[in-house]
Every structure is written in C-alpha cells, then in structure tokens.
Amino acid sequence: MVRNLLGSVLALAGATAAVWSPFRAWYDGRHGRHYRLGDLFSAGGVTNIPAELFASLFLPFAGAALITLAGLLLRSRLLVALAGVIVLAFTVLWLIRVGQAEGNLVISATPTNGLGPGTGLAFGGGLLLLLASVVLRGRGVRAEPVYVPPPDPAVPTLDGPPTDYR
C-alpha cells in the first residue's frame, strides 16, 4: 500500500511538471506553448511561427497526464511508464530539432538566454513518471487455488511403515 501511495504521488508530480512545463520558458525566453507540434515533424524544423495552445507542446504532455491518470486508476505500471516515455520522447525530439535549427544549444543561468526551466520541468517530469512506474506495485497476479483431488483409498501409498518384514 505504501509503494502504491508513493508511486501515485511521484506519478502525479511528474504529470504536473510535464503539463506545467509548456507555460515556462524553454529556449531563449520562448515558452513551450509557442512551439508548434508540427514543426517537430516537418522538414523545415522549428520556426518562429507561434502556435495555438492545443497545437503546441502542451498537447502531448496533456495526453501523457491523462494516460497517467488512467494508469493510476487502473493501477497499471505500463500506462504510467508509457506516459513517461511520451514526455521524454517529445522533450528529446524538441531538443534535437531546436539544436538543428539553432546550430547549438546553450545552457544558461538566465531563462532568456539558452535552455529555460520549462525544458528541465519536462525532462524531470518524464523521469518522475518512469520512476513512479518502477515504484508502483501494480495490480499483481492473483493465483487461483489449485484443485488437488483426495487420495483414492484403493490405491496403496508409501506413507506408512513397511508391513512386510522378510
């Protein structure tokens, strides 16, 4: 019970961090909700064209949060792990595409120059979801009782002492 409670808290914290991350600065002060989801998969790469909320990085992270909630309600470690993989995959894909567009990635102490806290929240949220899937016990497999027929009295057994002392 304690493992499920701790795993649930980790999963909810990871999902919250992932959903909150698009509302923070990701790179050079630009928020994650301003990156178009289609830019991650297009040949042109990441552009400066702003995105609507549900056409941005928010969409896969909100989907991962819903998968996390379903995983917690169904006590499915696999669904929670899937949500963590989705968050990490989109974060790494975004890092690759921005690195290609910019030529390099800069890590800076200020959110207006280089990688911002939104990237860290998304990456940390994905890791928390994966950690939660390890901590959760899941449903478990319930073993059904095995039927053992009673012994047949007509069949001799080897349970007693020998009766033939020749």
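Positions within a chain are numbered from 1, following the residues in the order the chain's sequence is written. Per-residue local features of the predicted model are confined to residues with pLDDT of at least 70, and side-chain atom pairs are confined, for both listing and counting, to 80 or more; whole-chain, interface and lining totals are unaffected and use all residues. As a convention, hydrogens and water are excluded, and side-chain values are obtained from all of the structure's heavy atoms.

A. Seen up close, helix 3 (residues 77–102). Relative to the 38 Å expected for 26 residues at 1.5 Å per residue, helix 3 spans 37 Å between its end C-alpha atoms, a close match to the ideal helical length. Only protein chains enter the calculation, and the probe is 1.4 Å; a residue is then buried if its accessible area is under 20% of its type maximum, exposed if over 50%, and partly exposed in between. Elements are defined by DSSP. Helices are runs of H or I of four residues or more, strands are runs of E of two residues or more, and each kind is numbered from the N terminus. All of the buried residues in helix 3 are Val80, Ala81, Ala83, Gly84, Val87, Leu88, Phe90, Thr91, Trp94, Arg97, Val98 and Gly99. Two residues qualify as a contact provided that any one of their heavy atoms is within 4.5 Å of a heavy atom in the partner residue. For helix 3, the elements touching its buried residues are helix 1 (2–20), strand 1 (25–27), helix 2 (58–74) and helix 4 (117–135). Note on helix 3: the residue one or two positions beyond its end, Gly103, has a positive phi of about 95 degrees. Given a helix with a known number of residues, its expected span is that number minus one, times 1.5 Å.

B. Here's a closer look at a positive patch on the surface. Together, Arg3, Arg75, Arg77, Arg137, Arg139 and Arg142 make up a region of like positive charge exposed at the surface. Mapped onto the secondary structure, Arg142 falls in the segment after helix 4. Only residues whose relative accessible area exceeds 30% and that form no salt bridge are eligible for patches; like-charged ones are grouped when within 9 Å, while nonpolar side chains (Val, Leu, Ile, Met, Phe, Trp, Tyr) are grouped when within 5 Å. Method for areas: the Shrake-Rupley scheme with a 1.4 Å probe, in which residue coverage is limited to the protein chains shown. A carboxyl oxygen of Asp or Glu within 4 Å of a side-chain nitrogen of Lys or Arg is what we treat as a salt bridge. Just so you know, the count uses Lys and Arg for positive and Asp and Glu for negative, and it drops His and the chain ends. All charge positions are set by atom: Lys at NZ, Arg at CZ, Asp at CG, Glu at CD.

C. Local environment of the packing of aromatic side chains. Under the pairing criterion, centres of Phe, Tyr and Trp rings, with the six-membered ring standing for Trp, must be within 6.5 Å; the plane angle then separates stacked pairs below 30 degrees from edge-to-face pairs above 60, leaving the rest tilted. In this structure the tally under the stated criterion is six aromatic pairs. Ring geometry for Trp26 and Trp94: centres 4.8 Å apart, planes at 85 degrees, overall edge-to-face. Taken together, the positions of Trp26 in strand 1 and Trp94 in helix 3 put the pair 68 residues apart, joining distant regions of the chain. Owing to a relative accessible area of 0%, Trp26 belongs among the buried residues under this scheme.

D. Geometry of the nonpolar core. Side-chain atoms within 4.5 Å are what join buried Ala, Val, Leu, Ile, Met, Phe, Trp, Tyr and Cys residues into a set we call a nonpolar core. In this structure, Tyr35, Leu57, Phe61 and Trp94 are the most contacted members of the largest nonpolar core, which totals 27 residues. Breaking this core down by element, the ones donating at least two residues are helix 1, strand 1, helix 2, helix 3 and helix 4. Counting residues per element, this core draws most heavily on helix 3, which supplies six residues. Excluding residues that lie within four positions of it along the chain, Phe61 makes contacts with Ala18, Val19, Ser21, Pro22, Trp26, Val87, Phe90, Thr91 and Ala122.

E. Structural detail: the environment of Val85. Turning to its location among the elements, Val85 is positioned in helix 3. Judged by relative accessible area, Val85 falls into the partly exposed class, the value being 45%. Residues Val85 and Leu131 lie 46 residues apart in sequence; the distance between their C-alpha atoms is 11 Å.

F. Spotlight on the UniProt feature "transmembrane region" (unreviewed entry) in the protein. UniProt tags residues 53–73, 78–96 and 116–136 as "transmembrane region" (unreviewed entry). Helix makes up 76% of residues 53–73 and strand 0%, with an end-to-end C-alpha separation of 27 Å. Between the C-alpha atoms that bound residues 78–96 there is a distance of 26 Å. The span itself is 100% helix and 0% strand. UniProt positions are given in the numbering used here, feature names are shortened, and annotations may be inferred rather than shown by experiment.

G. Representation of the side chain of Asn4 in the model. Along the chain, Asn4 turns up in helix 1. Looking at Asn4, the relative accessible area reads 18%, which means it is buried. Under the rule applied, a polar contact is a pair of N or O atoms within 3.5 Å (in protein, one hydrogen donor and one hydrogen acceptor; residues adjacent in sequence only if both atoms are side-chain atoms). A polar contact of 3.0 Å, which involves the side chain of Asn4, links it to the backbone nitrogen of Arg137.

H. Here's a closer look at unusual backbone geometry. One non-glycine residue, Asp28, lies in positive phi territory at about 55 degrees. Here Asp28 is to be found in the loop between strand 1 and strand 2 (30–31). Taking the relative accessible area as the measure of exposure, Asp28 reaches 39% and is therefore partly exposed. The phi angle at Arg75 is positive, at roughly 55 degrees, despite the residue not being glycine. Note that Arg75 resides in the loop between helix 2 and helix 3.

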